[in-house]
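Working through the structure, step by step
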Amino acid sequence: MDFTFSEEQQAALEAAKAQFAGVAPDGVPSPALTPGAVAGDFDRTLWTRLADADLLSLLLDSEYGGAGLDPIALCLVLRESAKALARVPLLEHTAAATTVQAHGSTETKEDLLTRAGRGELTLTVAAHGRTGHDPADLAVVARQKADNIWVLDGIQTAVPWAHTSDFVLVPAHTHDSGRTVLALVPRAHEGVVLADQFSTAGERLAELHLDSVRIAARYLLDAEGAWEELRLLLTTGTCALALGLGEKVLEMTSGYTGRREQFGHPIATFQAVAVQAADRYIDLRAMEATLWQAAWRISSGAPGALPAAGDVATAKIWASEGIRRVVQTAQHLHGGFGADTDYALHRYHAWAKHLELSLGPAAAHEETLGALLAAHPLG
C-alpha cells in the first residue's frame, strides 16, 4: 500500500490545520452540566472561515467553485476537525453536496451547489432510520403523485444539525417498486416536524417527521446506488473523525502522564502505564490504516477481493472499538482528573461515544462484513 498524499491533499490538510488551530474544544458549556443542548446553533464563525478557506467546497467541481478533490482529502480535514471538537456539519454537508453533484438534476445543482460551497446554505443527511438500528431507506416511503411531485411519509431519528440546516437529504423507498431514492427536503416546509433529541456530546439532534411532505421531482435523486455511495462516504468520514479524536486524546494522555508524578517519578515511566499507552497507539495505527484503505477504495473505485463496502465495514469496526478503548484508557490513566469538567477530556469521551455508535456500532459492521465474505469467498 502507498498512502502518500498528493500535493492537493496536503494543501487541504494544511489549510485545515490553520483553521482549526484556534478552535477551543471547551467553547460551549459542558454536556455533563447541561440538561439540553450545549448550544442552539453550530459554530457559524468557524463555518464562515472554512468557507473562506475553500474547505466547504473541497469535493465540488470547479464550475461550482470547488477544488475537485476526493474523499481522502475530506478525511484529512475531518481528522483535524475532530481534534478540536469543531462544532460544524462538515461531514454531512460535504457528503450531501457531493451526492447532489453526482446524481442531482442540472437545475438542482445550479441552484444549490455554489451556495453550499460558499457556506450560504447548509445541508445535512438523515442516515439513522426510524430507530437507529433499522435501514435508513426503509424508514420513509416516497410516492409519486404526478410527473413533478413526490410525497414523503415517515420518520428519521437522530438527524444531526437538522434544526439549523436548510435542506435534509433523506433516503426513502418508493411505494411501487421499493427502490431507494434520496429526497432533498427543505427544513422549513409544510409537513416537516422536528422533535428535539440530544447526543451524548450535548449536540441538538432531531427526530424528523415527514407527514405527506410534497417535494418537486427535481429535488429527488433516483440514481441506482446513490444511497449506498452516500452511506459509505458518511461512514468513512465518521472513521476519520474517530481517528482524529483518538489521536488528540492519546496526546493529552501522554502529556498528563509525563507530568504526573508518583514516588518521585512521572507515571509515564511505569511499565503498566507505558504498556496501556502502547496498546492504544497500536489501536490508532490500525484505525488509520483501515481508514485510508476505505477512503482509497471509495475515492478510486479500484477493484478488490471484496466490494468497497467491506473495506468501509472493516474501518468502522476498528474505529468503533478503537476509539472506545482509547478514551477508556485515557480516563483510567488520568484518574479522577479525567472527570473534572474544567478539563476537556470528558468532552472527548462524550464525543467518542457518539462516534462509536454513529451509523452502526462495531457489531453491526461485523455482520455486514460477514455477509460480504459469505457472498464473495476469498480464493
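This text goes with the structure placed above it.
The paragraphs below set out a description of the structure included in this document. (Residues numbered from 1 in each chain as written. Predicted model: local features only at pLDDT ≥ 70, side-chain atom pairs only at ≥ 80, totals over all residues. Heavy atoms only, no water.)

For the rest of this paragraph, the subject is the packing of aromatic side chains. Counted by the stated rule, this structure contains six aromatic pairs. Ring centres of Phe167 and Tyr219 lie 5.7 Å apart, and the angle between their planes is 40°; on these two criteria the pair is classed as tilted. Of this pair, Phe167 sits in strand 4 (residues 167-174) while Tyr219 sits in the loop between strand 7 (204-216) and strand 8 (220-221), and the two are 52 residues apart along the sequence. The burial state of Phe167 is the same as that of Tyr219; both residues are buried. Aromatic pair Tyr256 and Phe337: ring centres 5.5 Å apart, planes at 20°, arrangement stacked. Separated by 81 residues along the polypeptide, Tyr256 in helix 6 (residues 226-259) and Phe337 in the loop between helix 8 (308-334) and helix 9 (345-357) bring together distant segments of the chain. Between Arg285 and the ring centre of Tyr281, over which it is positioned, the NZ or CZ distance is 4.9 Å. (Phe/Tyr/Trp six-rings, centres within 6.5 Å; stacked < 30°, edge-to-face > 60°. Helix = DSSP H or I, 4+ residues; strand = E, 2+ residues; numbered from the N terminus. Buried < 20%, exposed > 50% of the residue type's maximum accessible area, 1.4 Å probe, protein only. Lys NZ or Arg CZ within 6 Å of the ring centre and 35° of its normal.)

Here strand 6 (residues 192-198) pairs with strand 7 via seven bridges, running antiparallel. Bridge pairing links Leu194 to Leu208 in strand 7. Two successive antiparallel strands, strand 6 and strand 7, enclose a turn made up of five residues, where Gly202 displays a positive phi of approximately 85°. (Pairing = 2+ DSSP bridges.)

The next thing to look at is the pattern of salt bridges. The final tally for this structure, using the stated rule, is 23 salt bridges. With a shortest N-O distance of 3.0 Å, Glu228 and Arg231 are connected by a salt bridge. Here the residue Glu228 and the residue Arg231 both occupy positions in helix 6, the gap between them amounting to three residues, near one helical turn. A residue is classified by how much of its surface remains accessible, and Arg231, at 26% relative accessible area, is partly exposed. Across the pair Glu247 and Arg285 runs a salt bridge, and its minimum N-O distance is 3.1 Å. You can see Glu247 sitting in helix 6 and its partner Arg285 sitting in helix 7 (residues 271-300), a full 38 residues away along the chain. Residue Glu247 is classed as buried on the basis of its relative accessible area, which comes to 17%. Given a relative accessible area of 27%, Arg285 falls into the partly exposed group. (Salt bridge = Lys/Arg side-chain N within 4 Å of Asp/Glu carboxyl O.)

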